[in-house]
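Working through the structure, step by step
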Amino acid sequence: MVDTERTRAAEPPGPLADSIRASGLKVTAPRLAVLRVLDQAPHSTAERLFATVRAELPGTSLQAVYGVLAAFTGAGIARKIEPAGSPALFERQVGDNHHHIVCTRCGAVHDVDCAVGEAPCLTPSNTAGFTVHTAEVTYWGLCPDCQAAISSTSSSPSPLLNKGAQ
Ligand SMILES: [Zn+2]
Ligand SMILES: [Zn+2]
C-alpha cells in the first residue's frame, strides 16, 4: 500500500499533489482532499467520500466531488468499479490490474491480486474481431464476518443481498 504517514497534514507539495500534477490536472484543495480520502479508504462511494471531504472542506458540494472523481477517472488517477447491485465505488488507480471480491451478503469489497499483473489477464476464446484492452473480474462470495454470522445463526434464513456495507 501507499505511504500515508506524510499525508496527514494538508500540505500541497507531496506525493498526492505530485500524482495529480503528473496526470496533467491542476492541484486544487478539493482534488487533494478527495485523493487523500481515496488513498485511506479505497472502494468508497462518492457519498462516503463527500462526507469525509466535507468535514475537511466545509464548502465542498457533492456535485464538486463527482466532478473531481470524473476528472480523476478520466486522467487515470482513480478507477471506478461497479459491482452489480452496488453504487459505484472509487479507488486510486494503481496500475496493477487487480480484481475485486465482493460479499453477496454485506457488500464488503476487497482487492484480489491479478494473477498475471497486467491487462488483459484473461484471453477470451473468441473476441468477435475486437482487440481486447482489459478484463475485469468480480469474484462473489461470503466474507469471513458473514460466514461467522451465518454459522452462529444458521437457523435464521435470508442471508442474501442484505444492504449493510458498514
Ligand atoms: Zn459480508
Ligand atoms: Zn481495489
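Everything quoted here is computed from the prediction, not taken from an experiment.

Criteria and cut-off values
- Residues numbered from 1 in each chain as written.
- Chains lettered and ligands numbered in written order.
- Predicted model: local features only at pLDDT ≥ 70, side-chain atom pairs only at ≥ 80, totals over all residues.
- Helix = DSSP H or I, 4+ residues; strand = E, 2+ residues; numbered from the N terminus.
- Buried ≥ 20, exposed ≤ 12 C-beta atoms within 10 Å, placed from the backbone.
- Contact = placed C-beta atoms within 7 Å.
- Pairing = 2+ DSSP bridges.
- UniProt positions renumbered as here; feature names shortened; annotations may be inferred.
- Core = buried A, V, L, I, M, F, W, Y, C linked by C-beta atoms within 7 Å.
- Domains from an automatic or database assignment.
- Axes fitted to C-alpha atoms, helices over the stretch in contact; angles between N-to-C directions.
- Parallel < 35°, antiparallel > 145°, perpendicular 65-115°, else oblique.
- Left-handed = near helix turned anticlockwise from the far one by under 90°.
- Nonpolar A, V, L, I, M, F, W, Y, C, P; charged D, E, K, R; others polar.

Regarding the overall build of the protein chain
If you tally the helices and strands in the protein chain, you get 5 helices and 5 strands. Starting at the N terminus and walking to the C terminus, you meet the elements of the protein chain as α-α-α-α-β-β-β-β-β-α. The buried share among the 166 residues of the protein chain stands at 17%. Partitioning the intrachain contacts of the protein chain with sequence separation of at least 6 by distance along the chain shows that 47% fall at a separation of at least 24.

A short note on the pairing of strand E4 (residues 109-112)
Bridge analysis of strand E3 (residues 99-103) against E4 gives 4 bridges, and the strand direction is antiparallel. Directly across from histidine 100, in E4, lies its bridge partner aspartate 111. Here E3 hands over to E4 after 5 residues, with glycine 107 in that stretch at a positive phi of 85°.

Considerations on the UniProt feature "binding site: Zn(2+)" (unreviewed entry) in the protein chain
Per the UniProt record, "binding site: Zn(2+)" (unreviewed entry) is found at Cys103, Cys106, Cys143 and Cys146. In three dimensions, the annotated residues from a span of 44 residues occupy one location, with a maximal C-alpha spread of 8.2 Å. Mapped onto the elements of the fold, cysteine 103 is located in strand E3. Apart from residues no more than four positions distant in its own chain, cysteine 103 is found in contact with Ala108, Gly141, Leu142, Cys143 and Cys146. Topologically, cysteine 146 is positioned in helix H5 (residues 144-152). In contact with cysteine 146, other than residues within four places in its own chain, are Cys103, Arg105 and Cys106.

A closer look at the nonpolar core
Among the nonpolar cores identified, the biggest contains 23 residues, and Val34, Leu49, Val65 and Leu69 are the most heavily contacted of them. When residues of this core are traced back to their parent elements, those giving at least two are helix H1 (15-22), helix H2 (29-40), helix H3 (46-56), helix H4 (62-75), strand E2 (89-92) and E3. At 6 residues, H2 tops the list of elements feeding residues into this core. Both of domain 1 (5-81) and domain 2 (95-152) provide at least three residues apiece to this core. Beyond its immediate chain neighbours, meaning those up to four positions away, valine 34 contacts Leu49, Val53, Val65, Val68 and Leu69.

As for unusual backbone geometry
Omega for the bond connecting alanine 119 with proline 120 falls within 30 degrees of zero, at -15°, which places this linkage in the cis form. Positive phi outside glycine occurs at histidine 43, with the angle close to 65°. With respect to the helices, strands and loops of the structure, histidine 43 is situated in the loop between H2 and H3. In this model, asparagine 97 sits at a positive phi of 55°, which is unusual for a non-glycine residue. Its 18 C-beta neighbours within 10 Å are what place asparagine 97 among the partly exposed residues.

Things to note about the packing of H1 against H2
At their nearest, the axes of H1 and H2 sit 10 Å apart, and the two run at 115° to each other. The orientation of H1 relative to H2 falls into the category roughly perpendicular. By crossing handedness, the relation of H1 to H2 is classed as right-handed. In this structure, H1 contributes Leu16, Ala17 and Ile20 to the contact, and H2 contributes Arg31, Leu32, Leu35, Arg36 and Asp39.

Some words on the packing of H3 against H4
H4 packs onto H3 with a crossing angle of 115° between their chain directions and a minimal axis gap of 9 Å. Between H3 and H4 lies a crossing of right-handed hand. In this structure, H3 contributes Ala46, Leu49, Phe50 and Val53 to the contact, and H4 contributes Leu62, Val65, Tyr66 and Leu69. Taken together, the residues that form the contact of H3 with H4 break down as 8 nonpolar, no polar and no charged.

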